[in-house]
Amino acid sequence: MFAEIEVKEPIEKIFDDWDFLNDQVLKHFSTFKVAGHNIYGLRRRLIDSTGMNDPKKGNISRFLELGPKGISEGHQNPLDLRVTTAGTPHRVMHNFGYWHINDKDELYLPIPGRSPEELGYYVILMGLPKGKETDSFAWYCEDCSTLLYDHVIDTGTIGLAGFWKGEREAVNTYNGSLKLRTCPECGHVNPLGYCWNKAKDTPAEAEARLHW
Ligand SMILES: [Zn+2]
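Every value quoted in this text rests on a predicted model; they were computed, and no experiment measured them. (Residues numbered from 1 in each chain as written. Predicted model: local features only at pLDDT ≥ 70, side-chain atom pairs only at ≥ 80, totals over all residues. Heavy atoms only, no water.)

Student: In this structure, what is going on with the overall build of the chain? I would like to understand it.
Tutor: A count of helices and strands for the chain gives 6 helices and 13 strands. Over its C-alpha trace the chain gives a radius of gyration of 18 Å, about what one expects of a compact globule, namely 17 Å for 212 residues. Judged by the C-alpha coordinates and their principal axes, the chain covers about 60 × 40 × 35 Å. Of all 212 residues assigned to the chain, the portion counted as buried reaches 45%. For the chain, the accessible surface area stands at approximately 11200 Å², while carbon and sulfur atoms represent 56% of it. Placing the 24 positive and 30 negative side-chain charges of the chain at their respective mean positions leaves the two points 3 Å apart. (Helix = DSSP H or I, 4+ residues; strand = E, 2+ residues; numbered from the N terminus. Rg over C-alpha atoms; globule rule 2.2 N^0.38 Å. Buried < 20%, exposed > 50% of the residue type's maximum accessible area, 1.4 Å probe, protein only. Areas by Shrake-Rupley, 256 points an atom, 1.4 Å probe, with all protein chains shown as cover. Lys, Arg positive; Asp, Glu negative; His and termini not counted. Charge placed at Lys NZ, Arg CZ, Asp CG, Glu CD.)

Student: How should I be thinking about the side chain of Arg-209 in this particular structure?
Tutor: Counting through the fold element by element, Arg-209 comes out in helix α6 (residues 203-211). The class of Arg-209 is buried, set by a relative accessible area of 3%. Here Arg-209 is in contact with Lys-57, His-94, Asn-95, Tyr-194, Cys-195, Trp-196, Asn-197, Lys-198 and Asp-201, once residues within four sequence places are set aside. (Contact = heavy atoms within 4.5 Å.)

Student: Can you help me understand the coordination of the zinc ion in this one?
Tutor: Any two of four tetrahedral donors ideally make an angle of 109.5 degrees at the metal, while pairs among six octahedral donors ideally make 90 or 180 degrees. Taken together, Cys-141 (SG), Cys-144 (SG), Cys-183 (SG) and Cys-186 (SG) make up the protein donors of the zinc ion, found 2.3 Å from the metal. In this structure, the zinc ion is surrounded by 4 donor atoms whose angles at the metal cover 99 to 120°, and the resulting shape is tetrahedral. Between consecutive donor residues of the zinc ion, the sequence gaps follow C-x2-C-x38-C-x2-C. Residue Cys-183 is classed as buried on the basis of its relative accessible area of 3%. Under the relative-accessibility criterion, Cys-186 is labelled partly exposed at 41%. (Donors = N, O, S within 2.8 Å, 3.2 Å for Na, K, Ca; no water. Tetrahedral: all angles 85-135°; square planar, octahedral: opposite > 155°, others 65-115°.)

Student: Can you help me understand helix α4 (residues 161-175) in this one?
Tutor: Within an α-helix, residues lying three or four positions from one another point in the same direction, as the helix has 3.6 residues per turn. Look at α4: 22 Å from first C-alpha to last across 15 residues, which is about the 21 Å you get at 1.5 Å a residue. Those residues of α4 lying buried are Gly-162, Phe-163, Trp-164, Gly-166, Glu-167, Ala-170, Val-171, Tyr-174 and Asn-175. (Expected span 1.5 Å × (residues − 1).)

Student: Help me understand the pattern of salt bridges, please; the structure alone is not making it clear to me.
Tutor: Opposite charge on two side chains allows them to pair when their charged atoms are near. Scanning all chains against the criterion turns up 8 salt bridges. Arg-45 is the salt-bridge partner of Asp-54, the closest N and O atoms lying 3.1 Å from each other. In this pair, the class of Asp-54 matches that of Arg-45, namely buried. For Arg-168, the salt bridge identified is with Glu-205, shortest N-O distance 2.7 Å. Linking Arg-168 in helix α4 with Glu-205 in helix α6, this pair joins segments that are 37 residues apart in sequence. (Salt bridge = Lys/Arg side-chain N within 4 Å of Asp/Glu carboxyl O.)

Student: I tried to follow the confidence of the model for the chain on my own but got confused; where do I start?
Tutor: For any part of a model where pLDDT is low, the fine detail of the predicted coordinates should not be relied upon. Per-residue confidence for the chain gives a mean pLDDT of 90; residues scoring 70 or more make up 93%. Helix α1 (residues 11-14) is the least confidently modelled element of the chain, averaging 70 in pLDDT, while helix α5 (residues 178-181) averages 98, the highest of any element. (pLDDT = per-residue confidence, 0-100.)

Student: For this particular structure, what's the right way to read the nonpolar core?
Tutor: Soluble, globular proteins show a tendency: their nonpolar side chains are buried together. The biggest cluster of nonpolar side chains holds 40 residues, and the ones touching the most others in it are Phe-32, Tyr-98, Trp-99, Phe-137, Trp-139 and Phe-163. Going through the elements one at a time, β2 (38-48), β5 (62-67), β9 (99-102), β11 (120-127), β12 (135-140), β13 (147-153) and α4 are the ones with two or more residues in this core. The leading source of residues in this core is α4, at 5 residues. (Core = buried A, V, L, I, M, F, W, Y, C linked by side-chain atoms within 4.5 Å.)

Student: Help me understand the packing of aromatic side chains, please; the structure alone is not making it clear to me.
Tutor: Two numbers describe a pair of aromatic rings. These are the distance of the centres and the angle of the planes. Considering all chains together, one arrives at 13 aromatic pairs under this definition. Centroid distance Tyr-98 to Trp-139: 6.3 Å. Interplanar angle 65°. Geometry classified as edge-to-face. Of this pair, Tyr-98 sits in the loop between β8 (90-92) and β9 while Trp-139 sits in strand β12, placing them 41 residues apart in sequence. With relative accessibility at 3%, the residue Tyr-98 sits in the buried group. Here the aromatic residues Phe-32, Phe-96, Tyr-98, Phe-137, Trp-139, Tyr-149, Phe-163, Trp-164, Tyr-174 and Trp-196 are joined through ring pairs into a cluster of three or more. A cation over a ring is seen here: Arg-43 above Phe-32, with NZ or CZ 4.7 Å from the ring centre. Residue placement shows Arg-82 over the ring face of Tyr-108; its charged tip is 4.0 Å from the ring centre. (Phe/Tyr/Trp six-rings, centres within 6.5 Å; stacked < 30°, edge-to-face > 60°. Lys NZ or Arg CZ within 6 Å of the ring centre and 35° of its normal.)

Shown next as structure tokens:
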């Protein structure tokens, strides 16, 4: 990890006290970064009794998982360690507009700031996909949970760099087809998808982000 991340301090100074949450280190993880066998994400967030608050997206505490018993909803509270197990379709309301399915467990930990006004830290950790492991961007009918579209990318071979490109392609394909968004079972027309990075939203996608 030291070889991949540059900080200004001499290595002797930080070697015994590698501080992920140091501002100089943190910025390297503001999206996701591969280090060794893992992928890390570190974000500064206002984390309080209302949950997780993103400066641009608002409250992003509500998460959904699709399991054998259907869709379950949870709320990401301060210091609640959350684990989404490999293979579980999951999404976070207003944060990314698709169901993410991958072959690695994902771990999330929101650490509040020292005072109600101070930004805290949101820590995300997951294994780096290897070999035939994949990531998938999927959409299910919001009325009846029928699978509408599943866009799979070979993250194990193309690496993390292919993830964001695949995400945009998946959203473009889904949004570009009224047929894909129309449920073959119940006929419901589902809202547009959107990417994780809000800066990529088209006006129509920004509207969809407010909805789901
Ligand atoms: Zn449906």
